[in-house]
Amino acid sequence: MAKTTKITKPSNLTSSDSEDNYSLESALSERIEHTAIIGADLSGLRFDQIAAKVFPDYSRGKLQTWINSGELTVNGNTAKTRQKLFSGAELRLSAEFSPASEWQAEDKPINIVFEDEHLLVINKADNCVVHPAPGLQSGTLVNSILAHSPSNVALPRGGIVHRLDKDTTGLIMVAKSLIAHTSLVRQLQARSVSRIYRAVVRGTFISGGTIDAAMARHPSARTKMAVASNADSHGAKPAITHYRIAERFQNHNELTIKLETGRTHQIRVHMAHLKRPLVGDKTYNPRYQKIAGISETLDSALRSFPRQALHAFELAFDHPVTEQRCNFQCEAPADYQQLIQSLRNEENHQNDE
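Rules used in this analysis
All residue numbers refer to positions counted from 1 along the written sequence of the respective chain. Confidence filtering applies because this is a predicted model: local features only for residues at pLDDT of at least 70, side-chain atom pairs given and counted only at 80 or more, and all residues used for totals across whole chains, interfaces and linings. By convention in this description, side-chain values take in all heavy atoms of the structure and omit both hydrogens and water. Secondary structure follows DSSP: runs of H or I at least 4 residues long count as helices, runs of E at least 2 residues long count as strands, and numbering of each begins at the N terminus. Categorising residues by exposure relies on relative accessible area from a 1.4 Å probe, with only protein chains included: less than 20% of the type maximum marks a residue as buried, more than 50% marks it as exposed, and the intermediate range marks it as partly exposed. It only takes one pair of heavy atoms within 4.5 Å for two residues to be counted as in contact. Working definition of accessibility: Shrake-Rupley area with a 1.4 Å probe, residue cover restricted to the visible protein chains. The criterion is simple. A nonpolar core is a set of buried Ala, Val, Leu, Ile, Met, Phe, Trp, Tyr and Cys residues joined through side-chain atoms within 4.5 Å. Whenever Lys or Arg places a side-chain nitrogen within 4 Å of a carboxyl oxygen from Asp or Glu, that contact is recorded as a salt bridge. Two strands qualify as a pair provided DSSP detects at least 2 bridges between them. A patch is a set of surface residues, each over 30% in relative accessible area and not in a salt bridge, joined within 9 Å for like charges and within 5 Å for the nonpolar side chains Val, Leu, Ile, Met, Phe, Trp and Tyr. Positive charges come from Lys and Arg, negative ones from Asp and Glu, while His and the chain ends are left out of the count. Charged groups are reduced to one reference atom each: NZ for lysine, CZ for arginine, CG for aspartic acid, CD for glutamic acid. Site definitions follow a grid-based scheme: protein atoms alone, a 1 Å grid, a 1.4 Å probe that fits but cannot get out for cavities, and for pockets an open set with protein on both sides within 12 Å along at least five of seven lines, plus lining residues having an atom within 4 Å of a point. Grid points are joined across faces, edges and corners, and a volume is the space filled by probe spheres set on the points. For this scheme, ten residues count as nonpolar: Ala, Val, Leu, Ile, Met, Phe, Trp, Tyr, Cys and Pro. Four count as charged, namely Asp, Glu, Lys and Arg, and the remainder, Gly too, count as polar. Side-chain rings of Phe, Tyr and Trp (the six-membered ring for Trp) are treated as a pair once their centres are within 6.5 Å; stacked means planes under 30 degrees apart, edge-to-face means over 60, and tilted covers the remaining angles. N or O atoms within 3.5 Å of each other form a polar contact, as long as, within protein, one can give a hydrogen and the other can take it, and as long as residues adjacent in sequence are counted only when both atoms are side-chain atoms.

1. Section: the overall build of the protein chain
Line of reasoning, step 1. A count of helical and extended segments in the protein chain gives eight helices and 15 strands.
Line of reasoning, step 2. Counting only residues that meet the buried cut, the protein chain has 47% of its 353 residues in that class.
Line of reasoning, step 3. Long-range contacts, defined as pairs at least 24 residues apart, comprise 68% of the intrachain contacts of the protein chain with a sequence gap of at least 6.
Line of reasoning, step 4. Accessible surface, the protein chain: about 17500 Å² in total, of which carbon and sulfur atoms supply 47%.

Following this line, the structure appears as structure tokens:
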């Protein structure tokens, strides 16, 4: 997929203004220009579906608006949102970059690990959706960020450059300036951002390893992802997960997991693919089965764990302005720590018998 991006300064930016002090207020009047060539993996999909794939920084609703207004074109011509497009066609987006006014600020507490004028690092709680979506316009992390940093309304997706699932806890980085947003997105694309997780899986490994298995949408359950039958499957994208054993238990492992790529639900899908699903993952391991021989206490702890046991505990990247390497860690939340303690207690109990 060939893709180029250009952001042009507004006409009122004088020659004395530098890139470094180019403000978000000025960004409100910017034009954005993007081009992309449709690849074979997207050939045959609808215009709006392809646009959402190749321009992920913008909501589908915004992209549909640009399609209808003629600001997003195909080979220089307007087209309908539901029109099917094919490989080789060129998409060109040339539009005014305006705030996401449909996202409202909500003054709710967020756990800030680090903040300066260019970025935020947040320790996200569980039961917290990152972005607003159809049917869910409030109570998300973005709503809280807009209350804390109102100028983030001028940034794509409120400044968030990567995501965590609703019930995954831990570190997430948020841009506060266009300079930071551009830099962090490029670092993610170059795979120079280090994202390390802790997870508890049902089942055990002999040693650590790497999972190199392309992923795509589940063929029948559209809200789920799956390992692709082969890397050339329609919509399949490379997905690589590295893992090592942090702590061993009789029937479980706690893993340290490092992402090389960042596909939706990647860790959860890869572990389920190896028949080592995450504890509490109701999506990829929906049927709880008691493990023979474990105590009622541990069985209760495992059965009642309310979410996937996954925590983003370390995040490292180059600061967008100083270029210094930034490294952050955060402790797992209380429910995760209690789960680990329950597993340790079971090991001690078994050893005492």
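Next comes the rest of the description.
2. Remarks on the nonpolar core
Line of reasoning, step 1. Core analysis: the biggest nonpolar cluster contains 29 residues, and I160, Y197, L255, I257, I267 and M271 have the highest contact counts within it.
Line of reasoning, step 2. For this core, the elements supplying multiple residues, two or more each, are β6 (119-124), α4 (141-148), β7 (169-175), β8 (194-202), β12 (240-248), β13 (252-259), α6 (266-273) and β14 (310-318).
Line of reasoning, step 3. Counting residues per element, this core draws most heavily on α4, at four residues.
Line of reasoning, step 4. Setting aside anything within four residues of it in sequence, one finds L255 in contact with Y197, R198, A199, V201, F205, Y243, R244, I245, A246 and M271.
Line of reasoning, step 5. By size, the runner-up hydrophobic cluster in this structure holds 21 residues, among which are I32, F47, V54 and L85.

3. Focus on the pattern of salt bridges
Line of reasoning, step 1. On inspection of all chains with the given rule, the structure shows 13 salt bridges.
Line of reasoning, step 2. The shortest N-O distance in the salt bridge between D165 and R268 comes to 2.9 Å. Of this pair, D165 sits in the loop between α4 and β7 while R268 sits in helix α6; the two residues are 103 residues apart in sequence, bridging distant segments of the chain.
Line of reasoning, step 3. Here R344 makes a salt bridge to E247, at a shortest N to O gap of 2.9 Å. Of this pair, R344 sits in helix α8 (residues 334-352) while E247 sits in strand β12, placing them 97 residues apart in sequence.
Line of reasoning, step 4. The class for R344 is partly exposed, based on a relative accessible area of 35%.
Line of reasoning, step 5. Through salt bridges with shared partners, a single network forms among D126, R307 and D335.

4. A closer look at the pairing of strand β15 (residues 325-329)
Each regular strand carries side chains that alternate between the two faces of the sheet.
Line of reasoning, step 1. The alternating pattern of β15 places C326 and F328 on a buried face, while none of R325, N327 and Q329, on the opposite face, is buried.
Line of reasoning, step 2. Examined bridge by bridge, β14 and β15 share five bridges and lie antiparallel to one another. Bridge pairing links A316 to N327 in β15.
Line of reasoning, step 3. Two successive antiparallel strands, β14 and β15, enclose a turn made up of six residues, where E323 displays a positive phi of approximately 65°.

5. Regarding a positive patch on the surface
Line of reasoning, step 1. Taken together, the side chains of K53, R60, R217, R222 and K237 present a region of like positive charge at the surface.
Line of reasoning, step 2. Relative to the helices and strands, R217 resides in strand β10 (residues 215-217).
Line of reasoning, step 3. Under the relative-accessibility criterion, R217 is labelled partly exposed at 38%.

6. Focus: the layout of surface pockets
Line of reasoning, step 1. One number sums up the size of the second largest pocket: a volume of about 190 Å³.
Line of reasoning, step 2. Lining of the second largest pocket is provided by 14 residues; of these, P109, I110, C128, L141 and S144 occupy positions nearest its centre.
Line of reasoning, step 3. The set of elements that each furnish at least two residues to the lining of the second largest pocket consists of β6 and α4.
Line of reasoning, step 4. If you tally residues by element for the lining of the second largest pocket, the top one is β6, at three residues.
Line of reasoning, step 5. Within the lining of the second largest pocket, the residues separate by chemical class into six nonpolar, six polar and two charged.

7. Quick look at the packing of aromatic side chains
For any pair of aromatic rings, the description rests on two quantities: the centre-to-centre distance and the angle between the ring planes.
Line of reasoning, step 1. Scanning the model with the defined rule gives three aromatic pairs in all.
Line of reasoning, step 2. Between the aromatic rings of F205 and Y243, the centroid separation amounts to 4.7 Å while the plane-to-plane angle is 40°, which identifies the pairing as tilted. Taken together, the residues F205 in the loop between β8 and β9 (209-212) and Y243 in strand β12 connect sequence positions 38 residues apart. Each member of the pair, F205 as well as Y243, is classed as buried.

8. Comments concerning the side chain of N143
Line of reasoning, step 1. Mapped onto the elements of the fold, N143 is located in helix α4.
Line of reasoning, step 2. Of the polar contacts made by the side chain of N143, one reaches the backbone oxygen of Q104; its length is 2.6 Å.
Line of reasoning, step 3. Within the structure, N143 has its side chain in polar contact with the backbone nitrogen of G139 (distance 3.3 Å).
Line of reasoning, step 4. Each residue touching N143, except ones within four places of it in the same chain, is listed here: W103, Q104, A105, E106, P132, Q137 and S138.

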